[in-house]
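Results of the structural survey
Here's the letter readout for the chains.
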Amino acid sequence: MFFTIVGTLFFYAANAGAKEIKINHGNLILNAELNVSDGKTLKDGVVLMVHGTLAHNGMDTIKNLAAVLNERNFNTLAINLSLGIDDRHSMYDCKIPHRHKHLDALDEIAAWFDWLKAQGSGDVALLGHSRGGNQVTRFAAERGHSKLISIIMLAPSQGSGRSPQSYEKAHGKSLNEILRKAKGLVNTGKGSQILSGTDILFCPGSDVAAETFVSYYDQDPKADTVNLLPDLNIPSLVIVGGNDTVVRGLPERIKSIADGRRLVLAVVGDADHFFLDLFAEDVADHIEKFVFFGN
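Throughout what follows, the structure given in this document is the object of discussion. (Residues numbered from 1 in each chain as written. Predicted model: local features only at pLDDT ≥ 70, side-chain atom pairs only at ≥ 80, totals over all residues. Heavy atoms only, no water.)

**Some thoughts on the overall build of the protein chain**
A tally of helices and strands in the protein chain yields eight helices and eleven strands. Rg of the C-alpha trace for the protein chain: 19 Å, near the compact-globule value of 19 Å for 295 residues, within the 12% margin. Its C-alpha atoms give the protein chain principal-axis dimensions of about 55 × 45 × 35 Å. In the protein chain, buried positions account for 51% of the 295 residues. (Helix = DSSP H or I, 4+ residues; strand = E, 2+ residues; numbered from the N terminus. Rg over C-alpha atoms; globule rule 2.2 N^0.38 Å. Buried < 20%, exposed > 50% of the residue type's maximum accessible area, 1.4 Å probe, protein only.)

**Section: the packing of helix H2 (residues 104-118) against helix H3 (residues 131-142)**
Taken N-terminus to C-terminus, the directions of H2 and H3 make an angle of 70°; their axes are 9 Å apart at the nearest point. On the basis of their axis angle, the class for H2 and H3 is roughly perpendicular. Only Gln-135, Val-136, Arg-138, Phe-139 and Glu-142 of H3 make contact with H2, whose side of the interface consists of Ala-105, Leu-106, Ile-109, Ala-110 and Phe-113. (Axes fitted to C-alpha atoms, helices over the stretch in contact; angles between N-to-C directions. Parallel < 35°, antiparallel > 145°, perpendicular 65-115°, else oblique. Contact = heavy atoms within 4.5 Å.)

**Digging into the environment of Ala-209**
Secondary-structure assignment places Ala-209 in strand S9 (residues 203-209). Assessed through its relative accessible area of 1%, Ala-209 is described here as buried. If sequence neighbours within four positions are ignored, Ala-209 has contacts with His-98, Arg-99, Gly-191, Ser-192, Gln-193 and Ile-194.

**Quick notes on the side chain of Thr-53**
Mapped onto the fold, Thr-53 is located in the loop between strand S4 (46-50) and helix H1 (60-71). When its relative accessible area of 15% is taken as the criterion, Thr-53 is described as buried. Beyond its immediate stretch of four places on either side in the chain, Thr-53 contacts Met-91, Arg-131, Leu-201 and Phe-202.

**Structural notes on the state of the cysteines**
In total, this model carries one disulfide according to the counting rule given. The disulfide that involves Cys-94 links it to Cys-203, with 2.0 Å between the sulfurs. The S-S bond linking Cys-94 to Cys-203 shows a torsion near -65°; that makes this disulfide left-handed. One end of the pair, Cys-94, is in the loop between strand S5 (75-80) and H2; the other, Cys-203, is in strand S9, and 109 residues separate them in sequence. (Disulfide = S-S within 2.5 Å.)

**Looking at the packing of aromatic side chains**
One pass over the full model with this rule turns up six aromatic pairs. Measuring from ring centre to ring centre gives 5.3 Å for Phe-113 and Phe-139, while their planes differ by 15°; the resulting arrangement is stacked. On the criterion of sequence distance, the pair formed by Phe-113 in helix H2 and Phe-139 in helix H3 is long-range, its members being 26 residues apart. Look at Phe-113 and you get buried, because its relative accessible area is 0%. The structure contains a cluster of three or more aromatic residues connected by ring pairs, namely Tyr-167, Phe-213 and Tyr-217. (Phe/Tyr/Trp six-rings, centres within 6.5 Å; stacked < 30°, edge-to-face > 60°.)

Here it is in structure tokens:
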């Protein structure tokens, strides 16, 4: 995949601190925050981190965990998915028409893997939170990369947000009616047509491309991360908060298939979906026991 580095040159050295990295991806600039831990280089391995729905790499879940991992001598690369926006930072602005798709993330994750490889990086552990957990799992199951050695799913989504019941509860509207219209446009080659005043994800009354709506709400079994786990052929760690009501029932589902070796389940006591404050330390404890870079 073609990419170039843009912006200020940087050096990998001890105490390098955080660096914003930018690469070209198609007609977009992607950005990420790279933090090389003291005394380490990229050859010592990297944890590549992917945020959740419409979020960004500066959200507390990602930022706090990256800081804790850096303290424990892990290098991190926390990326911002573009969501179709050039050089995107911060939460997605719901006023911007939605033209992004759920699976756009796979191409962007691949671009960052290729960038790391070009920099001479060692092994890479891929971590994703919430929807990002589904996206990294799908990347590992369907694509993979020569540098990818393990995957960490932090409260990965189960796809339940796509159900007609959850949509109607959240937005007070019929999902099936909107989805039928959106699919009709996609099937007739008009997927880019905008559906005005449409509720999508956390954005009420937005302008949404028909193909975007279908991407997020079509009843795809692979939107449920658990359905992807049998297709993984690398060590996989699922971390869930004991008080997480967003992915309710996930620990029980994972427990029924986890073998403690290829697929490991870890439950963080009283943590909710976002593992804030000191819960980042608990998450890092599990990652530290699980991830081993071979250089």
